[in-house]
Amino acid sequence: MAEEFQLTQEMKDAIGVESEPHTVELDKTAVRMFARAVGYTDPVFYDEAEAKRRGFRSLPAPPGYLGTPIFNPRATAPGVGDQQGGRRFSNPFKRVLNGGTEIEYVGDICAGDALTVRSKIADLKPARGSLGQMLITTNESTYHNQDGKLVAIMRGTIINY
Amino acid sequence: MVTTAANKVYFEDVQEGQEIPKLVKNPSTQQLVQWAAGSGDFYQIHYDPEFAKATGLTGIIVHGALKHAFLGQMLWDWVAPSGGRIKKFGVSYRGMDYPAQEMTCRGVITRKYQEDGENLVDLDIWTENPQGQKTTPGTATVILPSR
């Protein structure tokens, strides 16, 4: 892409449009898998009796884990890596990198919870860096639990180049 | 002063400028596959060297979100024994990290304050590669209990 890249009207129109809500689930097996993948040795993520002794309803979600999308090959609900707001736009870039992650916890999240996720593109901007011309997308997702309480906000940055 | 992870950390014990216990990681390719399954991120640049090279990378790279989670573990292991918790933690993925290399997670307290009845501690957090470069810089806020 030789010329300077600019946002298309289609891209500008996608900013701020909230997605249809979708549900992610947390169960004990998924919490253990996540904790094991990170390398936790704290028994609170593996042993429910220990978790309860320490005041959690069940195994707590390890930092960074906000549930697993419900996979269904016959459904079109968004999955991991596909949570980019409520509107699609044509993207001239072929390659993608994760630019950053921020999670703000508002309430506790434990195995057994089901969270409703709503996502939107908070910001889109062109940039130029070591990878050449880039499109920087900031996504913001809110997570409400089964009682309707806001429990987490995630902001993610995606770099297309 | 560097406390040990076995200590229970209370708000009164910490001060601005203090470094928290570091967490040293050395993710194997097996751990990246475990992470793919645990996180649901199956992008091939994290386990298929040929695919990674075809996208212009020198080889497979560690998932950004795994580095975020490593820093989350450093914070958790520091605050959880005393019943503290993480309020916020965020990072930017500035540099690639590769499997089978040491990665050191570090944090330094930048601010200690009370707000809305909570004892809050802000930190700069980051991962460091074997060359000492900060590949994943960010910030965090944790809540610590009082003695």
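Quick caveat: nothing in here was measured; it's all calculated off a predicted structure.

Peer 1: What should I look at first to understand the sheet that holds strand E6 (residues 150-160) of chain A in this one?
Peer 2: Strand-to-strand pairing in sheets goes through backbone hydrogen bonds, with the strands running parallel or antiparallel. Here we have 11 strands laid out as an open sheet, ordered E2(A)-E1(A)-E4(A)-E5(A)-E6(A)-E3(A)-E2(B)-E5(B)-E4(B)-E3(B)-E1(B), and antiparallel in their pairing. Each edge of the sheet is formed by a strand with only one pairing partner; in this case those strands are strand E2 (68-69) of chain A together with strand E1 (23-25) of chain B. When strand E2 (residues 85-92) of chain B meets strand E5 (residues 138-143) of chain B, the two strands line up antiparallel, connected through 6 bridges. Across the sheet, residue Lys88 of chain B finds its bridge partner in E5 of chain B, namely Thr141 of chain B. Where helix H3 (residues 64-79) of chain B meets the sheet, it contacts strand E3 (96-105) of chain A together with E1, E2, strand E3 (103-115), strand E4 (118-128) and E5 of chain B, and its direction lies at approximately 150 degrees from that of E2 of chain B.

Peer 1: Just to check I follow, could you spell out the pairing of E5 of chain B for this structure?
Peer 2: For a regular strand, side chains alternate in direction, first toward one face of the sheet and then toward the other. Direction of pairing for E4 of chain B relative to E5 of chain B: antiparallel, over a ladder of 6 bridges. Bridged to Asp122 of chain B within E5 of chain B is Thr141 of chain B.

Peer 1: I tried to follow the pairing of E6 of chain A on my own but got confused; where do I start?
Peer 2: Residues and elements named next belong to chain A. Where E3 lies against E6, 9 bridges are found, and the strand directions are antiparallel. Residue Glu104 lies in a different strand from E6, and its bridge partner there is Ile153. Here 10 bridges tie strand E5 (residues 132-144) to E6, and the two strands are oriented antiparallel to one another. Looking at the pairing, Leu135 lines up with Asn160 of E6.

Peer 1: Can you walk me through helix H2 (residues 28-38) of chain A in this structure?
Peer 2: Given 3.6 residues per turn, any residue in an α-helix points the same way as the ones three and four places further on. For H2 of chain A, the full list of buried residues reads Ala30, Val31, Phe34, Ala35, Ala37 and Val38 of chain A. Each buried residue of H2 of chain A lies within a common arc of 160 degrees when the element is viewed along its axis, so the set occupies one face. Turning to H2 of chain A, the residues buried within the fold contact E2 of chain A together with helix H1 (29-39) and H3 of chain B. Looking one or two places after H2 of chain A, you find Gly39 of chain A, whose phi comes out positive at around 110 degrees.

Peer 1: Before we go on, may I ask you to explain the environment of Trp35 of chain B in this structure?
Peer 2: Take Trp35 of chain B: it is sitting in helix H1. Under the C-beta neighbour-count criterion, Trp35 of chain B is labelled buried, with 25 such atoms within 10 Å. Residues Trp35 of chain B and Leu123 of chain B, spaced 88 residues apart in sequence, show a C-alpha to C-alpha distance of 26 Å. Among residues more than four places away in sequence, those in contact with Trp35 of chain B are Ala37 of chain A together with His63 and Leu66 of chain B.

Peer 1: Even after reading the chapter, I still don't get the interface of chain B and chain A, so can you show me in this structure?
Peer 2: Many structure descriptions define interface size as the accessible area lost when the parts assemble. Facing the 30 residues of chain B at the interface are 24 residues of chain A. Those elements that provide at least two residues to the side of chain B that touches chain A are H1, H3 and E2 of chain B. Of the residues forming the side of chain B that touches chain A, the biggest block, 10 residues, is contributed by H3 of chain B. Of the residues in the side of chain B that touches chain A, the class split is 13 nonpolar, 12 polar and 5 charged.

Peer 1: Quick question: what am I supposed to make of the nonpolar core here?
Peer 2: Side chains of nonpolar character tend, in soluble globular proteins, to be buried together. Counting 57 residues, the largest nonpolar core has Val31 of chain A together with Phe70, Leu71, Leu75, Val79 and Ile86 of chain B as the members making the most contacts within it. Listed by contribution, the elements that provide at least two residues to this core are H2, E3 and strand E4 (114-129) of chain A together with H3, E2, E3, E4 and E5 of chain B. Looking at this core element by element, the count peaks at 10 residues for H3 of chain B. By size, the runner-up hydrophobic cluster in this structure holds 6 residues, among which are Ala14, Ile121, Leu124 and Tyr161 of chain A.

Peer 1: Explain the confidence of the model for chain B to me, please; I cannot follow it from the model alone.
Peer 2: Atom-level detail of predicted coordinates should not be read off regions where pLDDT is low. Residues with a pLDDT of 70 or more make up 96% of chain B, whose mean pLDDT is 95. Here the predicted complex carries an ipTM of 0.94, next to a pTM of 0.91.

Basis of the calculations
- Residues numbered from 1 in each chain as written.
- Chains lettered and ligands numbered in written order.
- Predicted model: local features only at pLDDT ≥ 70, side-chain atom pairs only at ≥ 80, totals over all residues.
- Pairing = 2+ DSSP bridges.
- Helix = DSSP H or I, 4+ residues; strand = E, 2+ residues; numbered from the N terminus.
- Contact = placed C-beta atoms within 7 Å.
- Axes fitted to C-alpha atoms, helices over the stretch in contact; angles between N-to-C directions.
- Buried ≥ 20, exposed ≤ 12 C-beta atoms within 10 Å, placed from the backbone.
- Arc of directions from axis to C-beta.
- Nonpolar A, V, L, I, M, F, W, Y, C, P; charged D, E, K, R; others polar.
- Core = buried A, V, L, I, M, F, W, Y, C linked by C-beta atoms within 7 Å.
- pLDDT = per-residue confidence, 0-100.

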